[in-house]
Amino acid sequence: MEIRVKSVYIEVIKEDITKAKTDCIVNAANTSLLGGGGVDGAIHRAGGKEILIECMKIRDRQGGCPVGEAVITTAGKLDAKFVIHTVGPVWNNGKSNEEEKLKDCYMNTLDLANQYNIESIAFPNISTGIYKFPKKRAAEIAISSLREFIEGNNSSFKRIQFVCFDDENYQIYVKTIKGLV
Ligand code: ADP
């Protein structure tokens, strides 16, 4: 499934994000930047220790990564050139500005990627695993943030992928994107 916004192709696919053939892979990290479970664990395992070494340097410099912000490292052994680590909000029944914080993740990641002239980038479904953000609302925020960024900026992007791992997210993304065309 794919749509075009300005000259950027936006794709929804179902796969393991560590296999993505994009310049940059986005990691749903935690504030420690030291790795964890879910997609974070998968990226660190597949990319090797170089990623963790750079994350530790960032920690020494700025003490981790706050929720909604993003930092960039090498992609180590992955095919991608870079990993952008962003920290999604933990779902707290909508009482802690989780929606705004999730939007910040997408906007700050796209902004950082654009500064590095990245042409293709793969996003996981940030916060919808261990952090329990409701999947449909998370997909709407992901897609609307992306549109807002592309429409509001001259960007380096040619191709942006939403990489879904579970079937439920894949169906939600396809339906939400179809609603736009
Ligand atoms: P969070 O803590 O932000 O919720 P998780 O890693 O638990 O992060 O989950 C985020 C999303 O990433 C979930 O939808 C989960 O199904 C998905 N996911 C887990 N492993 C992978 C992977 N290897 N590739 C792509 N997506 C993955």
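Quantities reported herein were computed from a predicted structural model and do not represent experimental measurements.

Conventions used here
Residues numbered from 1 in each chain as written. Predicted model: local features only at pLDDT ≥ 70, side-chain atom pairs only at ≥ 80, totals over all residues. Heavy atoms only, no water. Axes fitted to C-alpha atoms, helices over the stretch in contact; angles between N-to-C directions. Helix = DSSP H or I, 4+ residues; strand = E, 2+ residues; numbered from the N terminus. Parallel < 35°, antiparallel > 145°, perpendicular 65-115°, else oblique. Left-handed = near helix turned anticlockwise from the far one by under 90°. Contact = heavy atoms within 4.5 Å. Nonpolar A, V, L, I, M, F, W, Y, C, P; charged D, E, K, R; others polar. Near = heavy atom within 4 Å. Polar contact = N/O pair within 3.5 Å; in protein donor to acceptor, adjacent residues only side chain to side chain. Areas by Shrake-Rupley, 256 points an atom, 1.4 Å probe, with all protein chains shown as cover. 1 Å grid on protein atoms, 1.4 Å probe; cavity = no way out; pocket = protein on both sides within 12 Å on 5 of 7 lines; lining within 4 Å. Sits in = over half its atoms within 2 Å of the grid points.

(A) Local environment of the packing of helix α4 (residues 135-152) against helix α5 (residues 167-178). Direction vectors running N to C along α4 and α5 enclose 45°, while the axes themselves pass 10 Å from each other. Comparing the axis directions of α4 and α5 gives the class oblique. For the pair α4 and α5, the crossing hand works out as right-handed. Across the interface between the two elements, K135, K136, A138, A139, E140, A142 and I143 from α4 touch E168, N169, I172, Y173, T176 and I177 from α5. Its residues assigned to classes, the contact of α4 with α5 comprises 7 nonpolar, 2 polar and 4 charged.

(B) Region of interest: the site of the ligand. As a structural note, the neighbourhood of the ligand is formed by 16 residues, with V39, S127, T128, G129 and I130 the closest of them. One of the backbone nitrogen or oxygen atoms of V39 is found 2.8 Å away from an oxygen atom of the ligand. The contact in question runs from an oxygen atom of the ligand to an N or O atom on the side chain of D166, over 3.3 Å. About the coverage of the ligand: the protein hides 91% of its 560 Å² of free accessible area. Using a 2 Å cut-off from the grid points, one finds that the ligand occupies the largest pocket. No other element matches helix α1 (residues 38-47), which puts 3 residues into the shell around the ligand. Considered class by class, the residues forming the shell around the ligand number 7 nonpolar, 6 polar and 3 charged.

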